[in-house]
2 protein chains.
Amino acid sequence: MTTKTPRTTKQRTAVLELLNEVNEFRTAQTLHQLLAERGDTIGLATVYRTLSRMAAAEEVDTLLNSDGETLYRRCSDGHHHHLVCVNCGKAEEISARAVEIWAQETAAEHGFTDIHHTVELAGRCRDCSASR
Amino acid sequence: MTTKTPRTTKQRTAVLELLNEVNEFRTAQTLHQLLAERGDTIGLATVYRTLSRMAAAEEVDTLLNSDGETLYRRCSDGHHHHLVCVNCGKAEEISARAVEIWAQETAAEHGFTDIHHTVELAGRCRDCSASR
DNA sequence: GTATGTGCAAATCGTTTGCAAGCCA
DNA sequence: TGGCTTGCAAACGATTTGCACATAC
């Protein structure tokens, strides 16, 4: 399984740089707009293509918001979950050993195999709770 | 807050009946097609409107699949989670006290308030695992 | 040089909405 | 009757795709 490395283009570089600075989950559209604001003229389609590829390569994490939009965020390696602020979008990674174990056990009890789970916490972060 | 009861129309009745028989998560489009197959001619838009309303009234549960489509399913009351088969769509409700507690604690530790969580397990059910 | 990436516009596709006509209470 | 519902078609909005051109390697 030889995964071929994508070419280094100024667009791809720009997206990577942006993701390194923005540590919250953002839609592709928002990211595209942010790129435009900092002077990088990139086609929206390219942003989508780039993000999809990065997601496939697990270089970014994705999330579906309640509107069905896909949110992207640069992420550390390994399996983890998120605690996302519904107001400002700030996200923290959290590990959840307890949940991992529970998921496996529950699935096994019901005879399920090839288990995969989704666990996301959302709420108002400290700052947004204060400035309500 | 007075929630007004929707009128009883043959369309609404048909959707309700169908949901009572189909106990798996299905897309609005699929449900619409199922209605057509059993002879109920209902506009797709009406199916969407009805399902949205039922979802708002918590008469059905909704789920977003990885394609961004909304899945609907008749559901028991109260807070619970699902164990869904990725192959046949069969879903079982599971309660997860352990997860509820973990969610609250984790959120509190990070200073988050108004917490709400999403926990879904997916995999292959016993039958689908066997007939692979 | 050539496979790959990009931009643009058009195409998709699930879902929503406007509006006139129909139907329940 | 009078307002809530429906159907149809048009509108929407996020994402994808076709294709000609540009570019990394």
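See above for the structure.
So, a few notes on the structure that sits alongside this text. (Residues numbered from 1 in each chain as written. Chains lettered and ligands numbered in written order. Predicted model: local features only at pLDDT ≥ 70, side-chain atom pairs only at ≥ 80, totals over all residues. Heavy atoms only, no water.)

## Remarks on the protein's contact with DNA strand C
Close to DNA strand C lie 22 residues, the nearest being Thr9, Thr46 and Arg49 of chain A together with Tyr48 and Thr70 of chain B. Here, DNA strand C places atoms within 4 Å of the protein, and 72% of those atoms are sugar or phosphate. Note that a phosphate oxygen of DNA strand C is positioned 3.0 Å from one of the backbone N or O atoms of Gly43 of chain A. The separation between a phosphate oxygen of DNA strand C and a polar main-chain atom of Thr70 of chain B is 2.8 Å. Going through the elements one at a time, α1 (10–21) and α3 (44–56) of chain A together with α3 (44–56) of chain B are the ones with two or more residues in the surface near DNA strand C. Considering only residue class, the surface near DNA strand C consists of six nonpolar, eight polar and eight charged. (Near = heavy atom within 4 Å. Polar contact = N/O pair within 3.5 Å; in protein donor to acceptor, adjacent residues only side chain to side chain. Helix = DSSP H or I, 4+ residues; strand = E, 2+ residues; numbered from the N terminus. Nonpolar A, V, L, I, M, F, W, Y, C, P; charged D, E, K, R; others polar.)

## Overview of the packing of helix α1 (residues 10–21) of chain B against helix α2 (residues 28–37) of chain B
Residues and elements named next belong to chain B. Relative orientation of the contacting elements α1 and α2 amounts to 105 degrees, with a least axis distance of 11 Å. Taken together, the axes of α1 and α2 lie roughly perpendicular to each other. Every residue of α2 that contacts α1 at Ala14, Val15, Leu18 and Leu19 is listed here: Leu31, Leu34 and Leu35. Here the residues of the contact of α1 with α2 sort into seven nonpolar, no polar and no charged. (Axes fitted to C-alpha atoms, helices over the stretch in contact; angles between N-to-C directions. Parallel < 35°, antiparallel > 145°, perpendicular 65-115°, else oblique. Contact = heavy atoms within 4.5 Å.)

## Details of the environment of Val84 of chain B
Looking at the element boundaries, Val84 of chain B is found in strand β4 (residues 81–85). Judged by its relative accessible area of 16%, Val84 of chain B is buried. When the C-alpha atoms of Val84 of chain B and Cys125 of chain B are compared, they prove to be 7.9 Å apart, with 41 residues separating the residues in sequence. If we skip the residues at most four places from it in the chain, Val84 of chain B touches Phe112 of chain A together with Phe25, Leu63, Gly89, Lys90, Ala91, Leu121, Ala122 and Gly123 of chain B. (Buried < 20%, exposed > 50% of the residue type's maximum accessible area, 1.4 Å probe, protein only.)

## A word on the sheet that holds strand β2 (residues 60–64) of chain A
The strand order across the open sheet built from three strands is β1-β3-β2 (chain A), with neighbouring strands paired in antiparallel fashion. Edge positions in the open sheet fall to β1 (26–27) and β2 of chain A, since each of these has one partner strand only. (Pairing = 2+ DSSP bridges.)

## Quick notes on the protein's contact with DNA strand D
Taken together, 21 residues lie near DNA strand D, and Tyr48 of chain A together with Arg7, Thr9, Thr46 and Arg49 of chain B sit nearest. In DNA strand D, the atoms that sit within 4 Å of the protein are 63% sugar and phosphate, with bases accounting for the remainder. The contact in question runs from a base nitrogen of DNA strand D to an N or O atom on the side chain of Arg7 of chain B, over 2.5 Å. Taking Arg53 of chain B, its side chain carries an N or O atom lying 2.9 Å from a phosphate oxygen of DNA strand D. When the residues that make up the surface near DNA strand D are grouped by side-chain class, the tally is six nonpolar, eight polar and seven charged.

## Remarks on the sheet that holds strand β3 (residues 70–74) of chain B
Residues and elements named next belong to chain B. Taken in spatial order, the three strands of this open sheet run β1-β3-β2, and their pairing is antiparallel. Where the open sheet ends on each side, the last strands, each with one partner, are β1 (26–27) and β2 (60–64). Bridge count between β2 and β3: five bridges; the pairing is antiparallel. Residue Val60 lies in a different strand from β3, and its bridge partner there is Arg74.

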